[in-house]
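# Examination of the molecular architecture
Residues per chain, in single letters:
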Amino acid sequence: MIILNAVVYIHNWGDKTELIKVLKYNNHVSSLFHIMGRFSYLLDVNFDNKDQFENWIDHIKNLKLSSGVPSVISVETQKIIEVIKKKDDFDLGDYKSAAEKSHFFVSIDNPHHDQKLISTLKSSGITQTLLHIQGSSSYITEVISENYEEYRKLLMELKNLTSISHIETQEVISVIKYRNKILDESGNLVAPGEDTRELYSL
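On a predicted model such as this, the values are computed, not experimentally measured, just so you know. (Residues numbered from 1 in each chain as written. Predicted model: local features only at pLDDT ≥ 70, side-chain atom pairs only at ≥ 80, totals over all residues. Heavy atoms only, no water.)

### Some remarks on a nonpolar patch on the surface
- Together, Trp 13, Val 69 and Ile 73 line one region of the surface with nonpolar side chains, adding up to about 270 Å² of accessible area.
- By secondary structure assignment, the location of Ile 73 is in strand S4 (residues 72–85). (Patch = residues over 30% accessible without salt bridge, like charges linked within 9 Å, V, L, I, M, F, W, Y side chains within 5 Å. Areas by Shrake-Rupley, 256 points an atom, 1.4 Å probe, with all protein chains shown as cover. Salt bridge = Lys/Arg side-chain N within 4 Å of Asp/Glu carboxyl O. Helix = DSSP H or I, 4+ residues; strand = E, 2+ residues; numbered from the N terminus.)

### Remarks on the pattern of salt bridges
- Inspection of every chain in the model, using the stated rule, returns four salt bridges.
- Here Lys 87 ties to Glu 142 by a salt bridge, and the two come within 2.6 Å at their closest N and O atoms. Highlighted residues: Lys 87 in the loop between S4 and helix H3 (92–97) and Glu 142 in strand S7 (residues 139–145), separated in sequence by 55 residues.
- A residue is classified by how much of its surface remains accessible, and Lys 87, at 5% relative accessible area, is buried.
- Judged by relative accessible area, Glu 142 falls into the buried class, the value being 0%. (Buried < 20%, exposed > 50% of the residue type's maximum accessible area, 1.4 Å probe, protein only.)

### Brief notes about the sheet that holds strand S5 (residues 102–109)
- Strands sit in the order S1-S3-S2-S8-S5-S7-S6-S4 around a closed barrel of eight strands; the barrel is antiparallel. In this sheet, adjacent strand axes meet at a mean angle of 35° when their direction is disregarded.
- Both S5 and strand S8 (residues 166–177) contribute to a ladder of six bridges, which runs antiparallel. Looking at S8, one finds that Val 106 is bridged to Thr 169. (Pairing = 2+ DSSP bridges. Axes fitted to C-alpha atoms, helices over the stretch in contact; angles between N-to-C directions.)

### With respect to the packing of helix H4 (residues 115–123) against helix H5 (residues 148–159)
- Taken N-terminus to C-terminus, the directions of H4 and H5 make an angle of 165°; their axes are 11 Å apart at the nearest point. When the axis of H4 is compared with that of H5, the two are roughly antiparallel. Of the two elements, H4 crosses H5, and the hand of that crossing is right-handed. Here Leu 117, Thr 120 and Leu 121 of H4 come into contact with H5, specifically with Leu 154, Glu 157 and Leu 158.
- Along the lines of polarity and charge, the residues of the contact of H4 with H5 split into four nonpolar, one polar and one charged. (Parallel < 35°, antiparallel > 145°, perpendicular 65-115°, else oblique. Left-handed = near helix turned anticlockwise from the far one by under 90°. Contact = heavy atoms within 4.5 Å. Nonpolar A, V, L, I, M, F, W, Y, C, P; charged D, E, K, R; others polar.)

Bear in mind that shape data such as this cannot, by itself, settle questions of function.
Structure below.
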């Protein structure tokens, strides 16, 4: 039984070849997003226990570029406490169809009085996912909107909540892997490994 589910942020150097190869075909990584911001990638990962998670992090940190320099600059982990809102019947093909839309992950630090924030994000038509997490932020939500103006209106609404101490927006550049599926060279959805774990949060 899988007991540890987390969001992982990775910041790497420009050469991503080896890192992407490892993450794309790794059974512990159910989803992989290329993002803009302080980090390069956002991952939805799951593990059987903390030791397994720790060994995986050590492996990622030890990846090297051809020059011998570490491929990864930094790794930040945030344990998922609760999945409050999640997309149903959504796959990598749906992301491909939504490529022209505005797509963001928004980290929110909300130290207290959560209910108003949760209500706002759950009722919003453009928030796709809402996770309660443990780490540098309290929540992470995924936003897909027709345009940036739609997101800006939600952002203004959030900034009016006095309980929020910090908001950070990370725009999605591409979706490399989603719910254990990738696109093969022909553009077909395939599972890259035999161990297709069913637990995912994004």
